[in-house]
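Residue-level structural notes
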Amino acid sequence: MPKAPDTVTLELPAHVRWLPAAQAVVEHGAPTLGLPPKKVVRLVMAVEEIFVHLARTTPGCAVLLRLLRRGSSVQAVFRFQADVEDLWAMNLTAAQELTPTDENMDHMGLLLAAGVSDGFSITREGGTVQLVLSQDKVYPETTPSDRGLTAARGALRMVDDPHPAEVAEACALARGLYPAEKLHPDLSMAGKLVDNAAGGGIVLSVAKDDAGAILGMMFWEQTSERSVGFCGPYVFSQNSGPVAKALTENMLNCLARSRTIGVCSRRATDDLPLEGFEALARIHYCHKNIVCAEQRIWFRLLREDDGAVIWAHAGMVDFLEETYARLSLMRDIRTVENIGIEMPARSVLAAELNQELSEAYLRVLIPGLDVEENIRKHAAHLRSSGYENIFFTLDLALGEQACLGGALMANGFEPALVLPFAGKSDLVVFQHVAPRS
């Protein structure tokens, strides 16, 4: 008999008399999915605020609420038919313009829901809105190891499903041997890495010797159907070259059986064997106001590129043409500055923040007429909050995103690199380079 997925689904009308039912699903379901009590309270609070907002703004509409576990997090997924106009209050900067008055109560609820969530996303398919609220499980921090490099004994072998204890040891060694800017944030919580591997979010392999000593680790995740991002190789052996080569070739061999066309480094170490890789870009990267250095991004094409049509703002074309010529990728670039469709008055941006690395990634969830001003507010807010490394990604398959290149460049962002195949088409990553205000 097939195993039932860890998912609870409830369909109910948007009315406050059904609020207790939505609360009960999250209160009783989230602990079963592994969320600790304090996190359950936060997820219940966020779900309450979204449901009450829908009951006020679209009374009686059908709401599909799904609770599920996704790797290291538990998610509450809402699907409903509604206008996305009022969702602007989920912007990171919304608190600057909201006061607790009666007329702002709906927006205050959305602001609270976004604020207590570890992450959220909004997508539209026709008139249907999907809103996802995430709460991360809690993991103990992995203490860096001071053991140093190991002298290998016997032959080298790859293990693609390492035990949790082996992953924990590899994380501790990586944290003890590599600088912070080379480390994926999940390496500081081995349990999170284990859960994400078990949930299929990442693929993880370790290298061991005949005696069972961990000599290295590498992991990767599917960023789109045709693209993979990888971290590593992290090498703990005194003879680093063969271990790094074996880990990298093992990843490429695994991907040879998939539909993946290209791999890009997300956190590459200096141990990466560069044969077959192309340099995508050099990113100026600062870490806690102390270390500022260039970080190189690497790319490898795994099979023939069939070419693609992409959209771009006129201000990005020179950068894109130079990049695609250097990478020998065939792209038909169509310029777009205003696609002329009706848009909401207010836009919504998603922000993925990493305080330890002083890093923020922005992307547009809902394009709106105010998007240029919204980008300016987000950049200013993040700079004033101490973030040194601010990025914004656009998917060049979507004309409504590509035309935002002009708004980004008007607010101190510059195109920094292209990630081939990483979205519906290629993603272009902008970096904020303006001095602090």
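Within each chain, residue numbers correspond to sequence positions counted from 1 in written order. The predicted nature of this model means local features are confined to residues of pLDDT at least 70 and side-chain atom pairs, given and counted, to a pLDDT of 80 or more, with totals for whole chains, interfaces and linings taken over all residues. As a convention, hydrogens and water are excluded, and side-chain values are obtained from all of the structure's heavy atoms.

The protein chain is annotated in an unreviewed UniProt entry as ATP-binding protein from Oceanidesulfovibrio marinus.

**Overview of the sheet that holds strand β16 (residues 359-366)**
Any two strands with at least two DSSP bridges between them are considered paired. Runs of E in the DSSP output that reach at least two residues are strands. Runs of H or I that reach at least four are helices, and both are numbered from the N terminus. The five strands lie next to each other as β15-β16-β17-β19-β18, forming an open sheet whose pairing is mixed. Since the sheet does not close on itself, it has two edges, and those belong to β15 (348-354) and β18 (413-419), each with one partner. Direction aside, the axes of adjacent strands within the sheet are offset by 30 degrees on average. Contacts are residue-level and defined by heavy atoms, with any inter-residue pair within 4.5 Å sufficient. Note on definitions: angles span 0 to 180 degrees between N-to-C directions of axes, and those axes are lines fitted to C-alpha atoms, for helices only across the stretch in contact. Of the strands in this sheet, β18 and β19 (427-432) touch helix α7 (residues 317-327), which is tilted by about 25 degrees from β18.

**Topic: helix α1 (residues 19-32)**
Expected span of a helix: the number of residues minus one, times 1.5 Å. When the terminal C-alpha atoms of α1 are compared, their 20 Å separation across 14 residues agrees well with the 20 Å that a helix rising 1.5 Å per residue should span. Think of it in three bands: with a 1.4 Å probe and only protein chains considered, a residue is buried below 20% of the maximum accessible area for its type, exposed above 50%, and partly exposed in between. Within the sequence span of α1, burial applies to L19, A22, Q23, V25, V26, G29 and A30. All buried residues of α1 project into a common sector of 160 degrees when viewed along the axis, lining one side. Exposed and oriented more than 90 degrees from the buried face of α1 are H28 and T32. Directions are taken from the helix axis to each C-beta atom, and the arc is the one they span.

**Considerations on the environment of R303**
Its location among the elements puts R303 in the loop between β12 (291-301) and β13 (308-312). The class of R303 is partly exposed, set by a relative accessible area of 31%. In this structure the C-alpha to C-alpha distance between R303 and E400, which are 97 residues apart in sequence, comes to 29 Å. Other than its neighbours up to four places away in sequence, R303 contacts L255, A256, S258, R259, T260 and I261. In protein, a polar contact requires one atom able to donate a hydrogen and another able to accept it; more generally it is a pair of N or O atoms within 3.5 Å, and residues adjacent in sequence count only if both atoms are side-chain atoms. Of the polar contacts made by the side chain of R303, one reaches the backbone oxygen of S258; its length is 3.5 Å.

**Things to note about the nonpolar core**
If you look at soluble globular proteins, the nonpolar side chains tend to sit buried side by side. Working definition of a nonpolar core: buried Ala, Val, Leu, Ile, Met, Phe, Trp, Tyr and Cys residues. They are joined through side-chain atoms within 4.5 Å. Formed by 49 residues in total, the largest nonpolar core has its most connected members in L320, F392 and L417. Those residues in contact with L320, other than ones at most four positions away along the chain, are I310, A312, I333, L396 and V418. In terms of nonpolar packing, the next biggest core, distinct from the first, is built from 46 residues, L12, V44, L67 and L110 among them.

**A closer look at the sheet that holds strand β2 (residues 62-70)**
On the basis of which strands lie adjacent, the open sheet formed by five strands has the order β1-β2-β3-β5-β4 and antiparallel pairing. What marks the edges here is a single partner per strand, and that holds for β1 (7-13) and β4 (119-125). Averaged over all neighbouring strand pairs, the angle between strand axes comes to 15 degrees, with direction disregarded. Note: β4 against strand β5 (residues 128-136), seven bridges, orientation antiparallel. From the neighbouring strand, R124 faces β5, where its bridge partner is V129.

**Section: the layout of surface pockets**
Any empty space left between the atoms is revealed when a probe the size of a water molecule rolls over them. Detection works on a 1 Å grid of protein atoms alone, calling trapped sets that fit a 1.4 Å probe cavities and calling open sets with protein on both sides within 12 Å along at least five of seven lines pockets, with lining residues defined by an atom within 4 Å of a point. Grid points are joined across faces, edges and corners, and a volume is the space filled by probe spheres set on the points. The space that makes up the second largest pocket amounts to roughly 170 Å³. Around the second largest pocket, the lining residues are E337, N338, I339, G340, M343, G368, L369, V371, E372, C403, L404 and A407. Residue classes follow a fixed rule: Ala, Val, Leu, Ile, Met, Phe, Trp, Tyr, Cys and Pro count as nonpolar, while Asp, Glu, Lys and Arg count as charged, and any other residue, Gly among them, counts as polar. Here the lining of the second largest pocket is built from residues that sort into seven nonpolar, three polar and two charged.

**Quick word on the side chain of T150**
In this fold, T150 is placed in the loop between β5 and β6 (157-159). Classification of T150 as buried rests on a relative accessible area of 14%. In this view, T150 contacts A213, L215, F236, S237 and Q238; residues no more than four positions away in its chain are not counted.

**Points about the packing of aromatic side chains**
In this description, a pair of aromatic rings is defined by centroid distance and the angle of the planes. Stacked, tilted and edge-to-face are the three classes assigned to paired rings of Phe, Tyr and Trp, where Trp is represented by its six-membered ring and a pair needs centres within 6.5 Å; plane angles under 30 degrees give stacked, over 60 edge-to-face, the rest tilted. Summed over all chains, the structure comprises five aromatic pairs. Between F219 and Y234, the ring centres sit 6.5 Å apart and the planes meet at 25 degrees, which makes this aromatic pair stacked. Residue F219 is located in strand β8 (residues 214-224), and its partner Y234 is located in strand β9 (residues 227-235); the two are separated by 15 residues in the primary sequence. Both residues of the pair, F219 and Y234, belong to the buried class.

**Let's talk about unusual backbone geometry**
Note that the residue after G232, namely P233, is joined by a cis bond; omega there is -5 degrees. Its place among the elements puts P233 in strand β9. Positioned with a positive phi, S328 is a non-glycine residue whose angle comes to about 55 degrees. Topologically, S328 is positioned in the loop between α7 and β14 (331-335). Residue S328 is classed as exposed on the basis of its relative accessible area, which comes to 61%. Look at F421: it is not a glycine, yet its phi comes out positive at around 65 degrees.

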